[in-house]
Structures are given as structure tokens and as C-alpha cells.
Amino acid sequence: MALSDFDLVFFGGSGDLAMRKLLPAMYARDVCDDLPATARIVCVGRDAFSQEEFLRFVEKNSKPHIKETPADATWARFLQRIVYVALDATDAASFGPLAEALRQDAALTRVYYLATPPHLFATICDNLARTGLATPNSRVVLEKPLGRDLASARQINLDVGKVFAESQIYRIDHYLGKETVQNLLALRFGNILFEPLWRREWISDVQITIAEKIGVGNRLGYYDTSGALRDMLQNHLLQLLCIVAMEPPTSIAPDAVRDAKLQVLRSLKRFTPTTLAQNIVRGQYRSGHIDGQAVPGYRDEPDAPKGSRTETFVAMKAEIDTWRWAGVPFYLRTGKRMADRLAEIVVRFKPIPHSIFKQPTSSFQPNSLVIRLQPDEGLSMNLMAKTPGDSMRLKQAELELDFREQFTSPRMEAYERLLVDVLRGQLTLFMRGDELEAAWEWVEPILEYWEQNDSAPLPYTSGTWGPAAASALIGRDGLQWREEALPED
Ligand SMILES: NC(=O)C1=CN([C@@H]2O[C@H](COP(=O)(O)OP(=O)(O)OC[C@H]3O[C@@H](n4cnc5c(N)ncnc54)[C@H](OP(=O)(O)O)[C@@H]3O)[C@@H](O)[C@H]2O)C=CC1
Ligand SMILES: O=C1O[C@H](COP(=O)(O)O)[C@@H](O)[C@H](O)[C@H]1O
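None of the values given here were measured: they were computed from a predicted structure. (Residues numbered from 1 in each chain as written. Chains lettered and ligands numbered in written order. Predicted model: local features only at pLDDT ≥ 70, side-chain atom pairs only at ≥ 80, totals over all residues.)

### Here's the deal with the UniProt feature "binding site: substrate" (unreviewed entry) in the protein
Moving on, step 1. If you check UniProt for "binding site: substrate" (unreviewed entry), the listed places come out as His174, Lys178, Glu212, Asp231 and Lys336 in our numbering.
Moving on, step 2. Look past the residues within four positions of Lys178 in its chain and what remains in contact with it is Leu373 and Ala414.
Moving on, step 3. On the secondary structure map, Glu212 appears in the loop between β7 (203-211) and α8 (220-223).
Moving on, step 4. By C-beta crowding, Glu212 is classed as partly exposed, having 18 other C-beta atoms within 10 Å.
Moving on, step 5. Filtering out sequence-adjacent residues up to four positions away, Glu212 remains in contact with Lys336, Met338 and Arg341. (UniProt positions renumbered as here; feature names shortened; annotations may be inferred. Contact = placed C-beta atoms within 7 Å. Helix = DSSP H or I, 4+ residues; strand = E, 2+ residues; numbered from the N terminus. Buried ≥ 20, exposed ≤ 12 C-beta atoms within 10 Å, placed from the backbone.)

Right, here's the structure in full:
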């Protein structure tokens, strides 16, 4: 469905995120003829680029991030939509050129996407209000990090909420824009098969892993004040956990889904200093090899503070105190410079109660469902099946659903999908303010404990699956991370 006409403003429009993700996402929609001819993209920064200089900057810094090299005509059409406006977001008096660049038509959708450091969110919203630009047809998109603790998240909600109503606020978690995450909703609530089994009686444990091969790259300044818990777990992993664990929402409407997710966040068992020390592993990568290449340790990355204690890996055992999930461990894990790039959810079912075959019950692998988010999107269901031949021998077999093979329709990158949803006014895949606060509320005791105890992360070699303590954490329950349980090739 083509979008209706809009003015889309990227604050931070000359930044890395705009160049690598946001403009390529808009180009991808433009090339599908999804954007109205008059739709505009206003890029805001402080640098005094002329319009021509900025378009050259986009050519150099954004075009290489577009998947298929753009044809000259479509690229030229895209560039025509872009307007560069130089202003200082902290100075309302400099907002005049932005007002001039925007069309004064109440029927148009207007979106302010704040891809700036978060300390500017309040000032930008305030200055939009002062200059009369926070019109009722406006929406505001907030990029991460949405706070660094509960107090700062509350402050963001409060400051932005002074200018925009909750229904105008789109808090981005780009994991919610990934195809397979939405497919998880389809799997759970579009099939009769899973829901009766989706509970403590039949599920033994759930693993959620987001592993990256990359290190901190050029984002060390931000990352060193953040760490894996804030950067990945508080948002992406908890959002995935919510979608796995939530009660069936009454519909796909934003508040139905967000209410269901909020209930999960509020039911997460709180850690105490004792349970926290037992159930959370913190790690930091040391030098090692990724794809055969030597890579430096975190503390040897350019500009890394000497002896930094920032974690680049975290693994934990979480629990949800509800009738559906009581006693089912949710193992969460994320890290940089790990052995592979993968994001997946593994739901393991309970073992069969009794074997009618000659094989002992213990030789039956419990069924498991693996939901792969990346690198390849798909689902696999592990079942026991008879091996061919004259004896009744059962072995594990895999039912595989590869989304790319199954569906040939064009795919949308996460940012593309989410930008389209903002432009359509569809809030389901964005976090509500209370969800954000509930996630921070749960994470905060962990951060406080680490700070108060001056906790040092355990070292792990780059190119591995993290500190050995992460295997011990799950091993204590007689389990293994999925890659540890896979048969050797
Ligand atoms: N890069 C990434 O992959 C990701 C980034 N993010 C988050 O998005 C935000 C932006 O990140 P990124 O693009 O990497 O950052 P950059 O440092 O590359 O860009 C920052 C942008 O903000 C603008 N800006 C800064 N201060 C002002 C100001 N006072 N007035 C007007 N414009 C201003 C800059 O313009 P100028 O240079 O002209 O000052 C620039 O366009 C950050 O909060 C980051 O954490 C989130 C996820 C991923
Ligand atoms: O939000 C973030 O996500 C990326 C990982 O995203 P992916 O889509 O490539 O899996 C991570 O590298 C970054 O540190 C974090 O801020």
C-alpha cells in the first residue's frame, strides 16, 4: 500500500545511523514506488553544508550502503526529495530554516526522527514546541539508547511527553522490525498447534541468543558507558522474551500487544544480590581470531579506557513468575566478538515420559523449536523419527522452514519496516513508555550490584562463545547452549 504524503525530518540526518540505515531504508521504499512524488526527507545537522555539498555527502556516505546499486534515474529522484537544514538543536532561534522547509498542511504526516544523542531529546522536543513545529499531525521517533537507567528513561518519557502525546511517540527497538520476530507472532497466534503446548507443563526451557562477530568498532565512546546489558539485553533480548512469553493479546492493536508485553516485564522475577551472583555471567573479550583474522581485545581497541570494566558479553538465567511460566528458565545471552553471528530463540520441550521402544527414554532428544532471526531467517522443529531399515531405531530429524525459500516476496530490512509503520501511524512494533520503564526497573538492580561491587567482567577469547562460566551457568541445570549440544560435523 503506497504511503500518503509526508515530511520526514531526520535530526542527526548527517550522522552515521542516517547514512548507513535510515536513508537506505527510505531509498528502498522509493525504488518500490511506495513514496508519493512530493514526499520529502529533511536532514538536520549542525554542519553548514550547502544543499549540493550535502547531496555529495549522501552520495559518498549513504549510497554504498544500499544493497543493490541504484540506477541513475531512481537515485536522482531520491536525491530530489532530500533537503538539508543546518541548525543547532539546542538553540530555538536557529529553527527558522526548518520551519521554512516544512509544508504547512495539516493533512500531511510529519515525522521527527531523533537520531541524535539522547541528551538532546528533551531540548529538541521543547524547541519544536516553542517554534510551533510540534503540530497535532506530528509524530516523534526516539532512537536508542532510551536511557541508561530507570531515572533517565523516566526523564525521557517525561520530557518528550510534555510535548507529544503517547500516541505520537514511536520508541524504536529495531529487533521488532525483523521479519522473524513478527513471524513469531504469526507462529504463536496463527496456528492452533503451539498454544496448548506453550506453557510450563510442556516446555522445559527457552534460550535466546544474540551473538555478534563484530567488536565495538567506532562506537567505543558510547559503548564503554553502556555495555552489553544496557546496549542489547535491556531492550532487544527482553523484547524477544516478551514476544515468546506473552499471553495471547486480544488483537494485533498496539495497546493489546503492549499490555501483554508489559505483563511479562512486570512478572520477571527480581534478582537479589545472591541470585544475581549465581545467575548472571559478565564477560569482556580479549584478543583472538575471527574468521582467521587476529582481532584486538576490548581494552586494546582504539581509545578504550585502560582497565575498562565494561562488559561485552552477558548471559543470565531469568524466570517469569506466572502460572504459565513458573519454574521455566529463560536463558538469555548476548556478546560481541563471538564465534558466530547468530540470533535465535530455542524453545525446548519436555522429554517423553516413557519409551515403548527398545531404546531407553534417555536416548530420545526432547523436541525443540528453533526460531532463527539471523543470519538466515527460518524455523526448525526437531522431532524423533524412525531411521530407514528393518529395525525400529529412532533418531533426531529436522523439519525445516526457510522463509526465503518459502516466500519470494521482497523483504524489508528492520529500519525500512519500522519507518513505514511510523509513516502509516502503526504503533504495534514500538515500545510504550511504561514498557520501557518496566524493562529498566528489572535491569537496574543488576547495574547497581555491579557498580557497588566494582564487578570485573570475566575475560573470554574473541571468536569463542564467551566465558566458560556461561556454559557452567546452564550446565548447572543439566543443560547446554544449543551450539554445545549440536553433534560435531
Ligand atoms: N550508528 C549506529 O549504528 C546506531 C546509532 N544509534 C544511536 O543513534 C544516535 C545517533 O548515532 P550516530 O548517527 O551514530 O551518531 P553520529 O555522531 O554519527 O551523528 C550525530 C548526528 O547528530 C547531529 N547533532 C549532534 N548534536 C547536534 C545539535 N546540537 N544540533 C543538531 N544536530 C546535532 C550531528 O550533526 P553534526 O555532525 O552536524 O553536529 C549528526 O548528524 C545515537 O544516540 C546513537 O547511540 C542507535 C543504534 C545504532
Ligand atoms: O542496537 C544494537 O544492535 C546492534 C546489533 O543489531 P543487528 O541487527 O546487527 O543484530 C549492535 O551491534 C549494537 O551494539 C546495538 O547498539
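### Some points on the site of ligand 1
Moving on, step 1. Taken together, 22 residues lie near ligand 1, and Gly12, Gly15, Asp16, Gly45 and Ala89 sit nearest.
Moving on, step 2. Mapped by element, the contributors of at least two residues to the shell around ligand 1 are α1 (16-31) and β2 (40-45). (Near = placed C-beta within 6 Å.)

### Quick look at helix α10 (residues 254-267)
Moving on, step 1. With 14 residues, α10 ought to run about 20 Å at 1.5 Å a step, and its terminal C-alpha atoms sit 20 Å apart, in line with that.
Moving on, step 2. Buried residues of α10: Val257, Arg258, Lys261, Leu262, Val264 and Leu265, and no others. End-on view of α10: buried residues confined to an arc of 160 degrees, all on one side of the axis.
Moving on, step 3. Residues of α10 that are buried sit in contact with α9 (228-245) and α14 (433-452). (Expected span 1.5 Å × (residues − 1). Arc of directions from axis to C-beta.)

### Some thoughts on the sheet that holds strand β1 (residues 6-11)
Moving on, step 1. Read from one edge of the open sheet, six strands run β3-β2-β1-β4-β5-β6, paired in parallel fashion. The sheet is open, and its two edges are formed by β3 (82-86) and β6 (169-171), each paired on a single side. Strand after strand, the sheet turns through a mean of 20 degrees between neighbouring axes, direction not considered.
Moving on, step 2. As judged from the five bridges shared by strand β4 (residues 109-114) and strand β5 (residues 138-142), these two strands associate in the parallel manner. Following the sheet pairing, Tyr113 is matched in β5 by Val141. (Pairing = 2+ DSSP bridges. Axes fitted to C-alpha atoms, helices over the stretch in contact; angles between N-to-C directions.)

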